[in-house]
Amino acid sequence: MSIAQLSNYAVNYSRAMDAISAQAKDPTLIQDPARLAMFQQQMYYAQSAYQLTSRAMQDMHQEDKILGEMLRDA
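What counts and what doesn't
- Residues numbered from 1 in each chain as written.
- Predicted model: local features only at pLDDT ≥ 70, side-chain atom pairs only at ≥ 80, totals over all residues.
- Heavy atoms only, no water.
- Axes fitted to C-alpha atoms, helices over the stretch in contact; angles between N-to-C directions.
- Helix = DSSP H or I, 4+ residues; strand = E, 2+ residues; numbered from the N terminus.
- Parallel < 35°, antiparallel > 145°, perpendicular 65-115°, else oblique.
- Left-handed = near helix turned anticlockwise from the far one by under 90°.
- Contact = heavy atoms within 4.5 Å.
- Nonpolar A, V, L, I, M, F, W, Y, C, P; charged D, E, K, R; others polar.
- Salt bridge = Lys/Arg side-chain N within 4 Å of Asp/Glu carboxyl O.
- Buried < 20%, exposed > 50% of the residue type's maximum accessible area, 1.4 Å probe, protein only.
- Phe/Tyr/Trp six-rings, centres within 6.5 Å; stacked < 30°, edge-to-face > 60°.

### A look at the packing of helix 1 (residues 3-21) against helix 2 (residues 33-73)
Part 1: Close contact between helix 1 and helix 2 brings their axes to 9 Å; oriented N to C, the two are set at 160°. Between helix 1 and helix 2, the angle is such that the two are roughly antiparallel. As helix 1 runs across helix 2, the sense of the crossing is left-handed. Between helix 1 and helix 2, the contacting residues are Ile3, Leu6, Ser7, Tyr9, Ala10, Tyr13, Ser14, Ala16, Met17, Ile20 and Ser21 on the first element and Phe39, Gln42, Met43, Ala46, Gln47, Ala49, Tyr50, Thr53, Ala56, Met57, Met60 and His61 on the second.
Part 2: Of the residues contributing to the contact of helix 1 with helix 2, the split by class is 16 nonpolar, seven polar and no charged.

The following block contains the structure:
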């Protein structure tokens, strides 16, 4: 998987978080425990997926950097 593909995933998860957070505008959200739980769960999943994707991109960048240094030193 490339960094470009991972960045597309990250953008999609960011958009998902935007769409989910738009639900927070509804003042009745906190009055319904089931809806609130679903909101929190959806936000958690989108946030976790975004974090995992961004960490994967950082790891790939770091590995690429290390590989470049090893090739330069060889």
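### Details of the pattern of salt bridges
Two side chains that carry opposite charge are able to pair once their charged atoms sit near each other.
Part 1: Applying the stated criterion across every chain, the model contains two salt bridges.
Part 2: Measuring nitrogen to oxygen at the nearest pair gives 2.8 Å for the salt bridge that ties Asp26 to Arg35.
Part 3: Among the residues examined, Asp26 registers a relative accessible area of 31% and is labelled partly exposed.
Part 4: The residue Arg72 makes a salt bridge to Asp73 at a minimum N-O spacing of 3.7 Å. In this structure, Arg72 and Asp73 share a single accessibility class: exposed.

### Here we look at the packing of aromatic side chains
Part 1: Enumeration according to the criterion identifies one aromatic pair in this entry.
Part 2: A centroid spacing of 5.9 Å and a plane angle of 55° characterise the contact between Tyr44 and Tyr45, whose relative ring orientation is tilted.

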